[in-house]
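Analysis of the macromolecular model
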Amino acid sequence: MTMTTTTTSAESSEDLTRFLVERRERILDAVRAACARVGREATEIELVCVSKGEPAEVVAAALEAGWTIFAENRVPELVRKKAELEALGVALPPFDMIGNLQTNKLKALAGQVRMVQSVSSLHLARALSGRAEQAGVVQRALLEVNVSGEATKQGFSQDELLEAAEELAALPALSIEGLMTMAPARDPEAARETFRAARALMKSLEMGSSLTLSELSAGMSDDFEIAIEEGSTMVRLGRVALSRNYEPFTTR
Ligand SMILES: *Cc1c(COP(=O)(O)O)cnc(C)c1O
């Protein structure tokens, strides 16, 4: 499915905000229900609103609707949207980076986001730490893992990560706080297996290295309830949060 913009020229910003508030309420209900099923507290789950492909006006409305943390998947779009929000007079919310990274974009990224969730190789981790050092910051980061083994997905394999763990832990300007993963689409059982495997990998890394990992960023529009049941601490919600073309809670 493609991300389509929520705004139409005919829609007032009040209508948009009302729609976003209703969606957010339904999402919060679903988060609470998933937590209740497995004896967790909803306060353990951080909700990140994925605003990629959406204009700055939608981010402004989503802020009014109660979203507090946003995520983008491309550095140029992130930089542009932050400038557009400032031009709208909106106090900038924290943003995370969740997309594939190229080393030539890291200079514009280091220190500009709350968290880089998509550190998908040792090469990138070294380069990002270097850029953060130059910027005089310690960049919070998650390691993207590909535990499902899908060739189309970025990320460390289990073996790569176990092997790189000590060097990653020693990078001076990266604060590595957990793992991020994506599950195969439209396959709830495979999604559950993926989230379980990511959780297990986090445990073995914690035991077998000096990394201290507390965050598991797992779960998107189609599978966030499963991810919460399997131990996610951070869900990344795009279409379910922002798109009228996404019919939520029908694919479960
Ligand atoms: C787009 C994207 C999301 C959000 O996807 P939805 O299915 O729209 O919720 C989450 N994580 C990453 C890495 C993404 O690229």
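Our structure is the block above this text.
Residues numbered from 1 in each chain as written. Predicted model: local features only at pLDDT ≥ 70, side-chain atom pairs only at ≥ 80, totals over all residues. Heavy atoms only, no water.

1. Quick word on the side chain of Arg 40
- Topologically, Arg 40 is positioned in the loop between helix 1 (13-38) and strand 1 (46-50).
- Arg 40 sits in the buried class, given a relative accessible area of 16%.
- For Arg 40, the contacting residues outside a window of four places in its chain are Cys 35, Ile 45, Ile 228, Gly 231, Ser 232 and Thr 233. (Helix = DSSP H or I, 4+ residues; strand = E, 2+ residues; numbered from the N terminus. Buried < 20%, exposed > 50% of the residue type's maximum accessible area, 1.4 Å probe, protein only. Contact = heavy atoms within 4.5 Å.)

2. Brief notes about the site of the ligand
- With respect to spatial proximity, the complete set of residues near the ligand consists of Val 50, Lys 52, Ile 98, Met 182, Met 220, Ser 221, Arg 236, Leu 237, Gly 238 and Arg 239.
- The separation between an oxygen atom of the ligand and a polar side-chain atom of Arg 239 is 2.8 Å.
- Computed on the free molecule, the ligand has an accessible area of 390 Å², of which 91% lies beneath the protein chains in the complex.
- The residue makeup of the shell around the ligand, split by class, is five nonpolar, two polar and three charged. (Near = heavy atom within 4 Å. Polar contact = N/O pair within 3.5 Å; in protein donor to acceptor, adjacent residues only side chain to side chain. Areas by Shrake-Rupley, 256 points an atom, 1.4 Å probe, with all protein chains shown as cover. Nonpolar A, V, L, I, M, F, W, Y, C, P; charged D, E, K, R; others polar.)

3. Remarks on the environment of Ser 243
- Looking at the element boundaries, Ser 243 is found in the segment after helix 8 (239-242).
- When its relative accessible area of 3% is taken as the criterion, Ser 243 is described as buried.
- For the pair Ser 243 and Glu 54, spaced 189 residues apart in sequence, the C-alpha separation works out to 9.3 Å.

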